[in-house]
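Fold and contact review
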Amino acid sequence: MSLYKKWEALADSKVNAPDYEEFWTDYLKKEQAIYKTILANKQSVVEGKLKDLANEYGVDELTFAAFVSGINTSLINPVDEDSLEEDTHLKLEIDFEKLYYNMLDAKANWLYELPEWDGILTVERRKEIRKEYNRSRIVVNENKVGRNEPCPCGSGKKYKKCCGK
């Protein structure tokens, strides 16, 4: 069984466990520490064997596999999560703008508000990415029916006299 599958099984086993909050709080602290290190060192490429990288960032292999899964959508070349083993050689090429956007999407303010972002993206660029993200969340109905147009229900009446009442 791959490390990621083991991680999923562990996470699933914690859903109704009394230590659920503690488990995720601990994981999120570890994840934040990894991101702090990567951002502080401006590492756009993280490369090595999974077990060596886990050791370098001070976490166990399962936690690092979970981290890889979390950052996977922000990589230039995504990793096959299901094939992750301790000896898997990883080359994580990070697209920092995509990473920031994905952190906004995940509502991970403990990550996108890290002061280490200052050395990676300017405040102006982060504002632009936030605007792009906010724009992507707005739903615009382009098929708006006017009051005096025929009703889309097919009755033959004007919209204002039918479904628009």
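Note: the structure precedes this text.
What comes next is a walk through the structure. (Residues numbered from 1 in each chain as written. Predicted model: local features only at pLDDT ≥ 70, side-chain atom pairs only at ≥ 80, totals over all residues. Heavy atoms only, no water.)

Further remarks concern the overall build of the protein. Looking only at helices and strands, the protein features 7 helices and 2 strands. Mapped from its N terminus to its C terminus, the protein presents α and β elements in the order α-α-β-α-α-β-α-α-α. Whereas a compact globule of 165 residues would reach a radius of gyration of roughly 15 Å, the protein reaches 23 Å, over 25% beyond that. In terms of overall dimensions, the protein has a C-alpha envelope of 70 × 40 × 30 Å along the principal axes. Split into buried and exposed, the 165 residues of the protein put 34% on the buried side. Put simply, the protein shows about 10400 Å² of open surface, and 47% of that area lies on carbon and sulfur atoms. Across the protein, the centroid of the 26 positively charged side chains sits 15 Å from that of the 30 negatively charged ones. (Helix = DSSP H or I, 4+ residues; strand = E, 2+ residues; numbered from the N terminus. Rg over C-alpha atoms; globule rule 2.2 N^0.38 Å. Buried < 20%, exposed > 50% of the residue type's maximum accessible area, 1.4 Å probe, protein only. Areas by Shrake-Rupley, 256 points an atom, 1.4 Å probe, with all protein chains shown as cover. Lys, Arg positive; Asp, Glu negative; His and termini not counted. Charge placed at Lys NZ, Arg CZ, Asp CG, Glu CD.)

One pass over the full model with this rule turns up 12 aromatic pairs. Relative to Trp 117, the ring of Phe 96 lies with its centre 6.3 Å away and its plane at 90°, an arrangement referred to as edge-to-face. Of this pair, Phe 96 sits in helix 5 (residues 96-105) while Trp 117 sits in the loop between helix 6 (109-112) and helix 7 (123-137), and the two are 21 residues apart along the sequence. Each of the two residues, Phe 96 as well as Trp 117, counts as buried. Between the aromatic rings of Tyr 100 and Trp 117, the centroid separation amounts to 5.1 Å while the plane-to-plane angle is 80°, which identifies the pairing as edge-to-face. With Tyr 100 in helix 5 and Trp 117 in the loop between helix 6 and helix 7, this residue pair connects regions lying 17 residues apart in the sequence. Each member of the pair, Tyr 100 together with Trp 117, is buried. (Phe/Tyr/Trp six-rings, centres within 6.5 Å; stacked < 30°, edge-to-face > 60°.)

Summed over all chains, the structure comprises 10 salt bridges. Here Lys 5 ties to Glu 8 by a salt bridge, and the two come within 3.9 Å at their closest N and O atoms. Residue Lys 5 and its partner Glu 8 are located together in helix 1 (residues 3-13), separated by 3 residues, close to a single helical turn. Judged by relative accessible area, Lys 5 falls into the partly exposed class, the value being 36%. The closest approach of N and O atoms between Lys 14 and Asp 19, which form a salt bridge, is 3.0 Å. Each of Glu 97, Arg 125, Glu 128 and Glu 132 takes part in one network of salt bridges that share partners. (Salt bridge = Lys/Arg side-chain N within 4 Å of Asp/Glu carboxyl O.)

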